[in-house]
Amino acid sequence: MLEEKTRGFTLIELLVAIAIIGILAAVVIVALGSARAKSRDTRRKVDINEVQRALDVYADDHDGFYPMTTPTSADNPLGFWRSSASRPNDWVPGLESDYIKDLPVDPINKENVSQPYPVYYYTSNGTDYKVIANKMESGVGKKWATEDGGKISRNCPENPPFSTCGYELFTFGAQNW
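Residues numbered from 1 in each chain as written. Predicted model: local features only at pLDDT ≥ 70, side-chain atom pairs only at ≥ 80, totals over all residues. Heavy atoms only, no water.

A few words now on the overall build of the chain. Summing up its helical and strand segments, the chain has two helices and four strands in all. Going from N to C terminus, the chain has its helices and strands arranged as α-β-β-β-α-β. Pairs at least 24 residues apart make up 62% of the contacts formed inside the chain by residues separated by at least 6 positions. Within the structure as shown, the chain displays about 10,900 Å² of accessible surface, and the carbon and sulfur contribution to it stands at 58%. (Helix = DSSP H or I, 4+ residues; strand = E, 2+ residues; numbered from the N terminus. Contact = heavy atoms within 4.5 Å. Areas by Shrake-Rupley, 256 points an atom, 1.4 Å probe, with all protein chains shown as cover.)

Structure below.
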């Protein structure tokens, strides 16, 4: 009598299939993390551009002057830096409600606005200003940071994430602040 073979997969075939699925899952997870970092960097760039537009409208209404962070003096010509960590609703003084609905907060720091996580910074002496998204995560964000012409991004390292790479928008007089 001939024995009928049962059809099925061998243990080796099942292990190979599981290994392939695991490798594919790992690739997808890495790509997803990279896409999220790019998305957050894009959000940061859009936020800073939105603040810049609001600052331009503010200056149009105030004879070309921008909101000052502190009175200027010979000892402190740049004023001081205000951050979205310390003042989430007022890091650019006088801008919210009249010129921008809500001042943006970094996408990572929606609830917990504390250092050393990414935050936004602003400083102005009244005639010039600089706005910074201080920590870009992705390769695209770091590329934007190195191309913006600002001081903080001149030595933008490739790694690690949350480096000192910052996307900056500024007036000509504030380029080297």
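From this point on, the discussion continues.
In this section: the sheet that holds strand E4 (residues 167-170). With respect to topology, four strands assemble into an open sheet ordered E1-E2-E3-E4, the strand pairing being antiparallel. The outermost strands of the open sheet, each flanked by one partner alone, are strand E1 (82-83) and E4. Here four bridges tie strand E3 (residues 129-133) to E4, and the two strands are oriented antiparallel to one another. Across the sheet, Ile132 pairs through a bridge with Glu168, a residue of E4. On top of the sheet, helix H1 (residues 11-61) reaches strand E2 (120-124), E3 and E4; it is set at about 160° to E3, its chief contact. (Pairing = 2+ DSSP bridges. Axes fitted to C-alpha atoms, helices over the stretch in contact; angles between N-to-C directions.)

Take Ala133: it is sitting in strand E3. Separated by 85 residues in sequence, Ala133 and Ile48 have C-alpha atoms that sit 6.9 Å apart. Residues contacting Ala133, with those up to four places away along its chain left out, are Arg44, Ile48, Val119, Tyr120, Cys165, Gly166 and Tyr167.

Under the definition given, this model contains four aromatic pairs. Note on Trp91 and Tyr120: the rings are 5.7 Å apart at their centroids and 45° apart in plane angle, and the pair reads as tilted. Placement of the pair is Trp91 in the loop between E1 and E2 and Tyr120 in strand E2, with a sequence separation of 29 residues. Judged by its relative accessible area of 0%, Tyr120 is buried. Of the aromatic side chains, those joined through ring pairs into one cluster are Tyr66, Tyr122 and Tyr129. Positioned over the ring face of Phe170 is Lys130, at 5.1 Å from the centre of the ring. (Phe/Tyr/Trp six-rings, centres within 6.5 Å; stacked < 30°, edge-to-face > 60°. Buried < 20%, exposed > 50% of the residue type's maximum accessible area, 1.4 Å probe, protein only. Lys NZ or Arg CZ within 6 Å of the ring centre and 35° of its normal.)

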